Amino acid sequence: MTEANDLQQRLDSSEERNALNNKVAVAVAIISVFMAVCKVKDDNIVQAMLQAKSDQVDTWNEYQAKKLKQHLAELGLNQVAAIGALAPRESSAALERQKKEYGENIARYKGEEEKLAARANGLGKQYDDLNYRDDQFDLSDATLAVSLAMLAIASLTQKKKLLYLALAVAGFGIVMGVAGLAGLPLHPTALVRALS
């Protein structure tokens with residue numbers, strides 16, 4: 001009878017072990033697929049961030065070029081005024097044309113500078129918004145990777161409590177991934193700052 005009881009205990013233990021391993025396997029498969037989907041979206045967001053930052057830098061460079069042109073036009077206007085004070089009356093018509101041209105250029109550059117500054121600031125906001133979502137995916141990726149490691153240990157040690165803890169950690173990672181995919185305003189700023 002003891003051999004039969006011992007055999008039955010081994011069989012029950014083996015079934016319990018297989019049940020836990022099956023749960024771990026299903027969890028690993030689901031988490032891995034979710035991580036892959038989030039990774040694709042995160043990579044696209046990083047590409048958009050790089051493009052927004054590049055466009056912002058280009059726009060600020062264009063803004064600086066307009067500022068330099070404006071400054072040169074202002075210098076030209078000052079020179080025309082100085083020459084006008086010293087020049088004879090016959091050359092005043094040519095100087096007035098130059099003065100008008102410089103004034104028009106200065107006004108045009110100021111208008112273009114405002115538009116460029118607004119565009120550059122908009123690109124900066126776009127970058128910040130994308131970075132917000134990138135943080136969500138980063139947190140998702142990190143916590144899901146930790147949960148996968150915990151699931152492996154749960155499978156080796158056959159500890160159900162560790163399985164449930166790993167699933168809880170994975171739950172947080174999935175919530176952050178869904179927030180990133182759906183563009184939800186869920187962002188644990190303190191945690192992001194601590195990890196940055």
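Residues numbered from 1 in each chain as written. Predicted model: local features only at pLDDT ≥ 70, side-chain atom pairs only at ≥ 80, totals over all residues. Heavy atoms only, no water.

Engineer: I'm lost on the confidence of the model for the chain in this one. Help?
Structural biologist: For any part of a model where pLDDT is low, the fine detail of the predicted coordinates should not be relied upon. The predicted model of the chain averages 90 in pLDDT, with 93% of residues at 70 or higher. The weakest mean pLDDT in the chain belongs to helix α4 (residues 189-195) at 80; the strongest belongs to helix α3 (residues 160-182) at 95. (pLDDT = per-residue confidence, 0-100. Helix = DSSP H or I, 4+ residues; strand = E, 2+ residues; numbered from the N terminus.)

Engineer: Even after reading the chapter, I still don't get helix α2 (residues 92-157), so can you show me in this structure?
Structural biologist: Residues spaced three or four apart along an α-helix face the same direction, because each turn holds 3.6 residues. Between its first and last C-alpha atoms α2 spans 96 Å; for 66 residues at 1.5 Å apiece the expected length is 98 Å, and the two agree. Immediately beyond the C-terminal end of α2, within one or two residues, lies Q158, with a positive phi of roughly 60°. (Expected span 1.5 Å × (residues − 1).)

Engineer: Help me out: how do you make sense of α3 in this one?
Structural biologist: In a regular helix each residue adds 1.5 Å, so 23 residues correspond to 33 Å; α3 covers 32 Å between its end C-alpha atoms and thus fits that length. Of the residues making up α3, those classed as buried are L163, A166, A170, G173, M176, G177, A179 and G180. Remark: G183 follows α3 within two positions and exhibits a positive phi of approximately 70°. (Buried < 20%, exposed > 50% of the residue type's maximum accessible area, 1.4 Å probe, protein only.)

Engineer: What is the right way to read a nonpolar patch on the surface from this model?
Structural biologist: A contiguous nonpolar patch, built from V175, V178, L184 and L186 and spanning about 300 Å² of accessible area, is present on the exposed surface. For V175, the position within the fold is in helix α3. Overall, the relative accessible area of 44% leaves V175 in the partly exposed class. (Patch = residues over 30% accessible without salt bridge, like charges linked within 9 Å, V, L, I, M, F, W, Y side chains within 5 Å. Areas by Shrake-Rupley, 256 points an atom, 1.4 Å probe, with all protein chains shown as cover. Salt bridge = Lys/Arg side-chain N within 4 Å of Asp/Glu carboxyl O.)

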